[in-house]
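# Structural overview for review
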Amino acid sequence: MLLLCEFHVILCIFSLPTIVQAQSFLSAISAYPQLSNFTSLLSTDPALASSLFSYSASAPQTVLVPDNNAFLSFSQATGQTFPSISQANLQPVLQYHMLSGLFTQESFGDPDGLTVPTGLRGPTYNNRSAGAALSSLGATTANQDGQVVFIAPNASTSPDLYVQSGRGRRVNLTAIDQVWEGGRFHTVDGFLTLPDTCTKTIRAWRLFSLDAALNRTGLSSILDHTNNVTCLGPSDQAFLDAGSPDIKANVSALTNALMFHTIPQPLYTNFLTDGQTFKTLSNATVRVTRKDGDIYFNDAKLTRSNVITNNGLMHVLDRVMSPLRDEASQPSTSAGLSTTSATSTGPSTATRTTGVGSSGSATATATATGTTSAASSLAVQPQAWRFLGALVVVYSYVLMIAA
């Protein structure tokens, strides 16, 4: 009987749960040789490490840790070592690698991708805010207003995931699902790029016609200083196919057309559904169509999406958008860019009303159907936008005097 009791005691001891002391972030990553450069970077500045990577029960973080290949790529691209950059530049870069909330490999499984807020805040890099849908991600609403990254599966390459950051730059993500006291961490093979203004992002993408059109109308500075925008940017070939309106269209019509390609809320693609409609700055309607894996705004297909800017994002289009058919006959909403009479060949979608936008606050309002010729773009603008056009001219004149 005594032996039996002792046996039960031994079983009880071994069945007690093992309590593992959670590691600090620096201790956790130091176990990985491929992260030795990042470990050394933080070891030389423990105050920075503790201020950024600290435990918070109410606000867990998932850190995207640059591996040694990221340091090598940075040196090859810039001619300098990453630790040599200034403290003022280092801190926002590190903040941009900190996802708000707990994210495992399973979190990134959606083929449409995932828009994730980060720890990057402040007007230099983040002039956009989260709506209800984006705020539902992660731990607490208070942590959702940081600048975002877009994470999605790689189509055919390994690793299986990519992270898209400022200027649309991509790095590969390896989901290793490792734990530290403040959350999780994964590895990336490059440093994320800090977001820039719309116009600088447009130039980085070599969208010369769009850049010229914005400069010609005086809208560049206005676009850069407006919060929460989606810029729908036609490619240079799209402008050429539309008859070069960046050069040939009159300034008033070109101003209205550019407003037609600007939506006053961030529209990340993973929040877009087939049939959604949105009002643009020209008060015209654009409709989303999802077909065969592609996304269209009216008749224009996205060729590159979710290019993060400091005040929203840009989608690159394969053509200049045409107005919806039943808006084309209404001067107050006609807003295409084309100076030609080519008829739209893009998708025509059924009427649908939806209340979930990409920022979580978008409300669809139009019930128009179909698309029409982009030639109607040069119709008379509504009175309000004539006034705004006049303001743009005055603003440009003031800038010229100030220069």
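Residues numbered from 1 in each chain as written. Predicted model: local features only at pLDDT ≥ 70, side-chain atom pairs only at ≥ 80, totals over all residues. Heavy atoms only, no water.

## Notes on the pairing of strand β5 (residues 161–164)
Side chains Leu 161 and Val 163 project from β5 onto one buried face, and the interleaved Tyr 162 and Gln 164 project onto a second face that is buried too. Two strands pair when backbone bridges link them, and strand β4 (residues 148–153) and β5 are joined in this way by four bridges, in the antiparallel orientation. Residue pairing for β5: Pro 153 is matched across the bridge by Leu 161. Of the pairings in the sheet, the one linking β5 to strand β6 (residues 170–180) comprises four bridges and is antiparallel in character. By the bridge assignment, Val 163 is partnered in β6 with Val 171. Linking two consecutive strands that pair antiparallel, namely β5 and β6, is a turn of five residues; a positive phi of about 60° is found at Arg 167 within it. (Buried < 20%, exposed > 50% of the residue type's maximum accessible area, 1.4 Å probe, protein only. Helix = DSSP H or I, 4+ residues; strand = E, 2+ residues; numbered from the N terminus. Pairing = 2+ DSSP bridges.)

## What about the nonpolar core?
Core analysis: the largest hydrophobic core is formed by 50 residues, its most contacted members being Phe 25, Phe 38, Phe 53, Phe 82, Val 163, Leu 173 and Phe 185. Residue contacts for Val 163: discarding those within four places in its chain leaves Leu 64, Val 149, Phe 150, Ile 151, Arg 169, Arg 170, Val 171, Leu 173, Val 188 and Leu 192. Core analysis: the second largest hydrophobic core is formed by 18 residues, Cys 198, Leu 214, Cys 231 and Val 307 among them. (Core = buried A, V, L, I, M, F, W, Y, C linked by side-chain atoms within 4.5 Å. Contact = heavy atoms within 4.5 Å.)

## A closer look at the sheet that holds β6
Sheets are built from strands that pair by backbone hydrogen bonding, the pairs being arranged parallel or antiparallel. Here we have seven strands laid out as an open sheet, ordered β2-β1-β7-β6-β5-β4-β3, and mixed in their pairing. Edge positions in the sheet fall to β2 (98–100) and β3 (114–117), since each of these pairs with one other strand and no more. Pairs of neighbouring strands in the sheet enclose a mean axial angle of 35°, with direction left out of account. Pairing analysis gives six bridges linking strand β1 (residues 61–66) to strand β7 (residues 183–188), with the strands arranged parallel. Paired with Thr 62 across the bridge in β7 is Arg 184. (Axes fitted to C-alpha atoms, helices over the stretch in contact; angles between N-to-C directions.)

## What about the confidence of the model for the chain?
Predicted confidence across the chain gives a mean pLDDT of 80, with 72% of residues reaching 70 or more. Between residues 348–403, whose pLDDT stays under 50, and residues either more than four places distant or in other chains, the model counts 134 contacts. (pLDDT = per-residue confidence, 0-100.)

## Points about helix α5 (residues 68–78)
Residues Ala 70, Phe 71 and Phe 74 constitute the buried set of α5. What you see down the axis of α5 is that its buried residues fit within an arc of 100°, all on one side. Residues of α5 that are buried sit in contact with α3 (36–43), β1 and β7. You can read the cap of α5 off the contacts: a side-chain oxygen lies 3.0 Å from the backbone nitrogen of Asn 69, and it is on Asp 67. Gly 79 sits one or two residues past α5 and shows a positive phi near 80°. (Arc of directions from axis to C-beta. Polar contact = N/O pair within 3.5 Å; in protein donor to acceptor, adjacent residues only side chain to side chain.)

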